Amino acid sequence: MEDSYHEMAMDSKENGGDEVHMDPAKLSHGLLAFHLWFQGVHGYASIVVCVFGITTNFFNITILMRKDMRTPTNFLLMWLAVADVLTMLPYIPFVANFYCPPSTPYDAPERFTYGWVMYMLLMVNFVATTHTISIWIGVSLAAFRFIQMKSTSRGPLAKERRMKQVKAITVIVYVLSALVLIPNYMTNELQPMPMGNVTVYSLKDLKLATNETENIVLANVITYAVVAKLIPCFLILIFSGSLVYHLSVKGRSRRRRLATSSCSKTSKHARQATTTRMLLVVIILFIITELPQGVLILLSANVPGFYDNVYNLLGDLMDFIALLNNAINFVLYCIMSQQFRSRFVQMYLRRRGMHLKSISESTMSEKMSLREPPTRTTGAE
């Protein structure tokens, strides 16, 4: 996904814009074998994950936007689902063209036309933005949940104030994620490559035309790794650690106080603890997915040969893990949230069952109405 952008930039940086030819003698045979195997299944597996993720995130959006589910936390989760859908939608045509099956300009030049490579350029920039939005909403979730648990403000006015805050946070995250990545958007252009009677296209880095601007490209790569990967993961670690401490240490004294409280208060705090644990799983998955990518991008930018020997061989795997992270939240919500599970059953399973029942009853009544009435016989004929 967004790693494709940095793969292309690092290719240009280390090879002057020419095609990368990996030297098998310098590569880890295990990584190379895995890369070649996974490249063959990456496209098909990614399409399955994307279709599943788009469908389940549609469920997330429609359930979380219900009036009875409207809370500040659910508002952030809803816009996280929107960002995940926007990440996966454009990825399907990309992998379908370039990975099903894997191809190069030499064996399938029709897949590297101007239109398809332009789509690749737009896709990697767009997906880099939506993925950055996702991880910063994850940071916002962790921070907001921690502040909410520490706050003593309760009631409708406090909830309304928090809703205004999360709406402002969401707008800021979406806008700033796009603005911060503007230097990356302007780094590539299409480059024609004549191959006999056919002209294919690839991406060429604009800022690598001269040696003086090499440092700018390197700075862009490092900025992306720090701003979109390492800093969010660091903040998530801080806030998730604070949440774990609050749940474990502070929760003991709260449970002792609630032992003498009413059943309704005990049930309310139990639901809050369950929600916090669910959010912890969601944001910890961001760390597992994003932190290794950030470290590998930094190593690729600073360690000679690391990109070709390690990063490039793991790029497809990292993209696939990121897609899994985009698609798995629905499963977590259903497992860990009884309220979400109930709303899903109510909206999509029971309603469908009632619809099928009404169709069945309607069909039966039509059959009864079309049935000929029995012929009466009289004594005289």
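Here, every reference points to the structure presented above.
Here the structure is a predicted model, which means the values were calculated and not measured.

Turning next to the overall build of the chain. The helix and strand inventory of the chain stands at twelve helices and two strands. The 381 residues of the chain split such that 43% are buried. For the chain, restricting intrachain contacts to residue pairs at least 6 apart in sequence, the fraction spanning at least 24 positions comes to 79%.

With that out of the way, let us pick up the nonpolar core. Nonpolar side chains tend to gather and get buried jointly when the protein is soluble and globular. Counting 45 residues, the largest nonpolar core has Leu77, Leu80, Ile137, Leu141 and Phe340 as the members making the most contacts within it. Secondary-structure elements contributing two or more residues to this core are helix H2 (29-64), helix H3 (72-88), helix H5 (114-150), helix H6 (156-180), helix H8 (214-258), helix H9 (263-302), helix H11 (329-336) and helix H12 (338-370). In terms of residue count, the dominant contributor to this core is H3 (nine residues). Beyond its immediate stretch of four places on either side in the chain, Phe340 contacts Asn60, Ile63, Leu64, Met69, Phe330, Tyr333 and Cys334. Phe38, Cys50, Val95 and Leu323 belong to the second largest nonpolar core, which has 23 residues in total.

Our next topic: the pattern of salt bridges. Tallied over the entire structure, the rule returns three salt bridges. Asp68 is paired through a salt bridge with Arg66; the nearest N and O atoms lie 3.0 Å apart. With its nearest N and O atoms 2.6 Å apart, the salt bridge here joins Arg343 to Asp68. One end of the pair, Arg343, is in helix H12; the other, Asp68, is in the loop between H2 and H3, with 275 residues separating them in the sequence.

Applying the stated rule across the entire model yields 23 aromatic pairs. Taking 5.7 Å as the distance between ring centres and 15° as the angle between the ring planes, the aromatic pair formed by Phe34 and Phe38 counts as stacked. One end of the pair, Phe34, and the other, Phe38, are both in helix H2, four residues apart, so they sit about a helical turn from each other. Aromatic rings pair up to connect Phe58, Phe59, Phe330, Tyr333, Phe340, Phe344 and Tyr348 into one cluster.

Further remarks concern the environment of Pro105. For Pro105, the location among the structural elements is in the loop between helix H4 (91-98) and H5. Since its relative accessible area comes to 17%, Pro105 is described here as buried. It is 9.5 Å that separates the C-alpha atoms of Pro105 and Thr199, two residues lying 94 residues apart in sequence.

In this model H3 runs 25 Å from its N-terminal to its C-terminal C-alpha over 17 residues, within 8% of the 24 Å that 1.5 Å per residue would give. With 15 of 17 residues buried, H3 is to be regarded as a mostly interior element.

Okay, a nonpolar patch on the surface next. Nonpolar side chains collect at one region of the surface, where Val171, Ile172, Val175, Leu176, Leu179, Val180, Ile182 and Met186 lie side by side and expose about 700 Å² of accessible area between them. The element contributing the most residues to the nonpolar patch is H6, with six residues. With respect to the helices and strands, the residue Ile172 is situated in helix H6.

Let us look at unusual backbone geometry. At the junction of Cys100 and Pro101, the peptide bond is cis and its omega measures out at -5° in the coordinates. Note on placement: Pro101 falls in the loop between H4 and H5.

Parameters at a glance
Residues numbered from 1 in each chain as written. Predicted model: local features only at pLDDT ≥ 70, side-chain atom pairs only at ≥ 80, totals over all residues. Heavy atoms only, no water. Helix = DSSP H or I, 4+ residues; strand = E, 2+ residues; numbered from the N terminus. Buried < 20%, exposed > 50% of the residue type's maximum accessible area, 1.4 Å probe, protein only. Contact = heavy atoms within 4.5 Å. Core = buried A, V, L, I, M, F, W, Y, C linked by side-chain atoms within 4.5 Å. Salt bridge = Lys/Arg side-chain N within 4 Å of Asp/Glu carboxyl O. Phe/Tyr/Trp six-rings, centres within 6.5 Å; stacked < 30°, edge-to-face > 60°. Expected span 1.5 Å × (residues − 1). Patch = residues over 30% accessible without salt bridge, like charges linked within 9 Å, V, L, I, M, F, W, Y side chains within 5 Å. Areas by Shrake-Rupley, 256 points an atom, 1.4 Å probe, with all protein chains shown as cover.

Bear in mind that shape data such as this cannot, by itself, settle questions of function.
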